[in-house]
Amino acid sequence: MKSNLTYAVHNDKLVHISKVISGLACNCKCPNPNCNGKLIARKGNIKSHHFAHYNMEDCGGALESALHLLAKEIISEEKVFKIPELYYYNKKRKIGKVFFEALVIEVDNVELEVLQDDFKPDIVLQCRKTKLFVEIAVTHFVDEKKLKKIENLGISLIEIDLSEFKLIDNITKNILRDILINKTEYKRWIYNSKEALLAEKFLEEYDLNQKIKNRIKEEKLKEKLKKERLLTKIQDENDKKEKSYLNNQKNTGNRLLSFYYSEIVCCPLRLQKYSKTIKARHTIFNKIKSGQYWDGINRKTKGKADYVCFDDEKFFFSPSIHKQEKQGVTKIKEYQKIWAILNSLQKKSKVNIDICRQCAYNIHVLDNSKVVVCKYTKE
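Owing to the predicted nature of the structure, the values given are computational and were not obtained by experimental measurement.

**Quick word on the sheet that holds strand β14 (residues 187-191)**
Spatial ordering of the open sheet is given by β10-β11-β12-β13-β14, a layout of five strands whose pairing is mixed. Looking along the sheet, the strands with just one partner apiece sit at the ends: β10 (109-112) and β14. Ignoring which end each strand starts from, the neighbouring axes of this sheet average 25 degrees apart. Where strand β13 (residues 157-161) meets β14, four bridges bridge the pair, whose relative direction is antiparallel. When the bridges of β14 are listed, isoleucine 158 appears paired with tryptophan 189. Strand contacts of helix α2 (residues 144-153): β12 (130-137), β13 and β14, with the helix running at about 70 degrees to β14, the strand carrying the most contacts.

**Considering the nonpolar core**
In this structure, Phe51, Phe81, Leu125, Leu162 and Leu180 are the most contacted members of the largest nonpolar core, which totals 49 residues. It is helix α1 (residues 62-78) that contributes the most residues to this core, seven residues altogether. The next biggest cluster of nonpolar side chains, apart from the first, holds eleven residues, and it includes Phe259, Val365, Cys374 and Tyr376.

**Considering the pattern of salt bridges**
Applying the stated criterion to the full structure yields nine salt bridges. As a salt-bridge pair, glutamate 73 and lysine 173 come within 2.5 Å of each other at their nearest N and O atoms. With glutamate 73 in helix α1 and lysine 173 in helix α3 (residues 173-182), the pair connects residues that are 100 residues apart, well separated along the chain. Here glutamate 73 falls in the partly exposed class, since its relative accessible area comes to 25%. One salt-bridge network, in which partners are shared between bridges, spans Glu73, Glu77, Glu78, Lys173 and Arg177.

**Describing the packing of aromatic side chains**
To describe a pair of aromatic rings, one takes the distance between the centres and the angle between the planes. Taken as a whole, this structure holds seven aromatic pairs when the rule is applied. Measuring from ring centre to ring centre gives 5.8 Å for phenylalanine 119 and phenylalanine 133, while their planes differ by 50 degrees; the resulting arrangement is tilted. Of this pair, phenylalanine 119 sits in the loop between β10 and β11 (123-127) while phenylalanine 133 is found in strand β12, placing the two residues 14 residues apart along the sequence. Note on tyrosine 361 and tyrosine 376: the rings are 5.3 Å apart at their centroids and 85 degrees apart in plane angle, and the pair reads as edge-to-face. Note that tyrosine 361 is positioned in the loop between α8 (353-358) and β21 (362-366) and tyrosine 376 in the segment after β22 (371-374), a separation of 15 residues in sequence.

**Things to note about the environment of lysine 146**
Along the chain, lysine 146 falls in helix α2. Residue classification places lysine 146 among the partly exposed residues on the basis of a relative accessible area of 28%. Each C-alpha atom of the pair lysine 146 and phenylalanine 119 lies 7.5 Å from the other, and the pair is 27 residues apart in sequence. Setting aside residues up to four positions removed in sequence, lysine 146 forms contacts with Phe119 and Glu135.

Reading the values: rules and limits
- Residues numbered from 1 in each chain as written.
- Predicted model: local features only at pLDDT ≥ 70, side-chain atom pairs only at ≥ 80, totals over all residues.
- Heavy atoms only, no water.
- Pairing = 2+ DSSP bridges.
- Helix = DSSP H or I, 4+ residues; strand = E, 2+ residues; numbered from the N terminus.
- Axes fitted to C-alpha atoms, helices over the stretch in contact; angles between N-to-C directions.
- Contact = heavy atoms within 4.5 Å.
- Core = buried A, V, L, I, M, F, W, Y, C linked by side-chain atoms within 4.5 Å.
- Buried < 20%, exposed > 50% of the residue type's maximum accessible area, 1.4 Å probe, protein only.
- Salt bridge = Lys/Arg side-chain N within 4 Å of Asp/Glu carboxyl O.
- Phe/Tyr/Trp six-rings, centres within 6.5 Å; stacked < 30°, edge-to-face > 60°.

The structure is reproduced here in structure tokens:
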């Protein structure tokens, strides 16, 4: 689909098809400076109104040249131009920054296709003492060769991509005005003369900030390790003191009773009441009797002849499940009986830690070690 030309040059001014009379009487020329061919205004009732080259084929550059002239006219009238944001991104380091947001700048002068050394930009904007090149791309975009010339000149350039308008019959002045003055989505920086300097400064500041952050992080880590070492040292000293204290208490004949969560297991006073009729050569019984916690599981013990005497009846016990299966029904019942006696004994001898704290025999409760120093006399 071919786009129809709706702008032409009449008396050195750009005019819209709606402003001229039909036919050759429009006295219009092609806006392409390399063509300047005579145009005919076709304003019939079937097709949309447009210009066409008279007695020759379309030169191919009329549309872009018309857009250049129209853009110059708009910017000259408005005296402003909106530039897009300048965003920098370092792919290698994966960091970026917006150097400045999109903004509207004032324009003092507008020139078209003025040769700058060996490069001829579509539009040259003079903004105070600074020049800005603008390329309007419909079919041809800035390539590497052009980019190199622009970089050598050191003048910033913005490209406006109007490729989506090349198949539109009517590119109105209002559409282009909105693109040039109000919008930035069609614009991109091809080259910005300040970007390299801003990028260098940004990377320097970023590296400096990273060094400061790393230094602060290292200092915090050192301080943390210092505190941890100090706390460890204090804890070790406290542990030594506590261990020494417990050994002294044990040597003086006091009991060291362990407690589990909120309970003190096997209070000597209660244990005395229930253990008088029990005699045993059994590690679990001895463990309970010494005030330690028992988890209710029978484990293999070093003693080969473990037994419990209860009410003058002697029960032998093998802690191995494999051995139990070979003992027969009688031995299994004995095993169950012993387990029941030991479990019942532990349950009956339990007291709450708060009760233990109020007991007259309590000397000290060490919460960290979960040990109670009890002065109840051993049997």
